[in-house]
Amino acid sequence: MALKTSGTGALAVLGAAMLLGGAAPAAHAAPAQPAPGLPAPEIPMPKLAPTDVGQAMEGTTTGLGYAVAPVKTLRLDPWAQSSADFLNNGVGVQPDNGLPAIGTGTLTGPLTAGGGAKDLPAVGPLLGVLPG
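Because the structure is predicted, anything quoted here is derived from the model rather than measured.

(A) Region of the structure containing the overall build of the chain. What the chain contains, in helices and strands, is 4 helices and 2 strands. For the chain, the α and β elements follow one another from N to C terminus as α-α-β-β-α-α. Across the 132 residues in the chain, those meeting the buried criterion constitute 11%. Residue pairs in contact within the chain that sit at least 24 positions apart in sequence constitute 57% of those at least 6 positions apart. Counting every atom, the chain has about 10900 Å² of accessible surface; 68% of that belongs to carbon and sulfur.

(B) Fine view of the pattern of salt bridges. Counted according to the given criterion, the structure contains 1 salt bridge. Measuring nitrogen to oxygen at the nearest pair gives 3.2 Å for the salt bridge that ties Asp 119 to Lys 118. The partly exposed category is assigned to Asp 119, whose relative accessible area is 34%.

(C) Structural context of unusual backbone geometry. One non-glycine residue, Gln 81, adopts positive backbone phi at about 60°. With respect to the helices and strands, the residue Gln 81 is situated in the loop between α2 (53-73) and β1 (92-93). You will see that Asn 97, though not glycine, has its phi angle at about 65°, which is positive. Relative to the helices and strands, Asn 97 resides in the loop between β1 and β2 (102-103).

(D) Quick look at α2. In this model α2 runs 30 Å from its N-terminal to its C-terminal C-alpha over 21 residues, within 8% of the 30 Å that 1.5 Å per residue would give. In α2, a bend of some 30° at Ala 67 exceeds every other bend along the element, and Pro 70, a proline, comes one to four places later. Tucked inside the fold, the buried residues of α2 contact α4 (123-127).

(E) Broad picture of the confidence of the model for the chain. Summing up the model confidence of the chain, the mean pLDDT is 78 and the portion of residues at 70 or higher is 78%. Across the chain, the secondary-structure element scoring lowest on mean pLDDT is helix α1 (residues 8-28), at 64, and the one scoring highest is β1, at 89.

(F) Representation of the side chain of Thr 112 in the model. Note on placement: Thr 112 falls in helix α3 (residues 105-112). In this structure, Thr 112 is in contact with Asp 77, Ala 80, Gln 81, Asp 85, Leu 87 and Asn 88, ignoring residues within four places of it in sequence.

(G) How the structure looks around the side chain of Asp 85. Positionally, Asp 85 belongs in the loop between α2 and β1. Arg 75 is the oppositely charged side chain nearest to the buried, salt-bridge-free Asp 85, at an N-O distance of 7.5 Å.

(H) Spotlight on α3. Those residues of α3 that fall on the buried side of the exposure criterion are Thr 108, Leu 111 and Thr 112. Taken around the axis of α3, the buried residues stretch over an arc of 90°, which confines them to a single face.

(I) Geometry of the environment of Gly 65. Within the secondary structure, Gly 65 sits in helix α2. Along the primary structure Gly 65 and Pro 131 are separated by 66 residues, whereas in three dimensions their C-alpha atoms are 4.6 Å apart. Those residues in contact with Gly 65, other than ones at most four positions away along the chain, are Pro 131 and Gly 132.

Cut-offs and rules
Residues numbered from 1 in each chain as written. Predicted model: local features only at pLDDT ≥ 70, side-chain atom pairs only at ≥ 80, totals over all residues. Heavy atoms only, no water. Helix = DSSP H or I, 4+ residues; strand = E, 2+ residues; numbered from the N terminus. Buried < 20%, exposed > 50% of the residue type's maximum accessible area, 1.4 Å probe, protein only. Contact = heavy atoms within 4.5 Å. Areas by Shrake-Rupley, 256 points an atom, 1.4 Å probe, with all protein chains shown as cover. Salt bridge = Lys/Arg side-chain N within 4 Å of Asp/Glu carboxyl O. Expected span 1.5 Å × (residues − 1). Bend = angle between axes of the 7 residues up to and from the residue. pLDDT = per-residue confidence, 0-100. Lys, Arg positive; Asp, Glu negative; His and termini not counted. Arc of directions from axis to C-beta.

The structure is reproduced here in structure tokens:
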């Protein structure tokens, strides 16, 4: 009975030997160390320009304005001004003793009109502090 072998196993062994053989001398190489008793060579550090705080704050404020403005005007109610808008329905209460009526329309009105967070009664003035 004749034994048939292919050359792929021999090629794999030869490739592994070449890889391991080439890596062995590099693994034994030691990094260059200064001689004992001699000072280490000094590497000069680059000098940095002084930071202009005014320009840094202006750039930060400008960038923050571009990032915050879309969030402030983002439409919060996707069904605003449509027949499927469930926030369009309001609930109101008429207290006794001649007090004015209290209802949910004050809070949900800006949302049903298609407004964003800046249009809300309590949150809008607070968002006015942010740039953008």
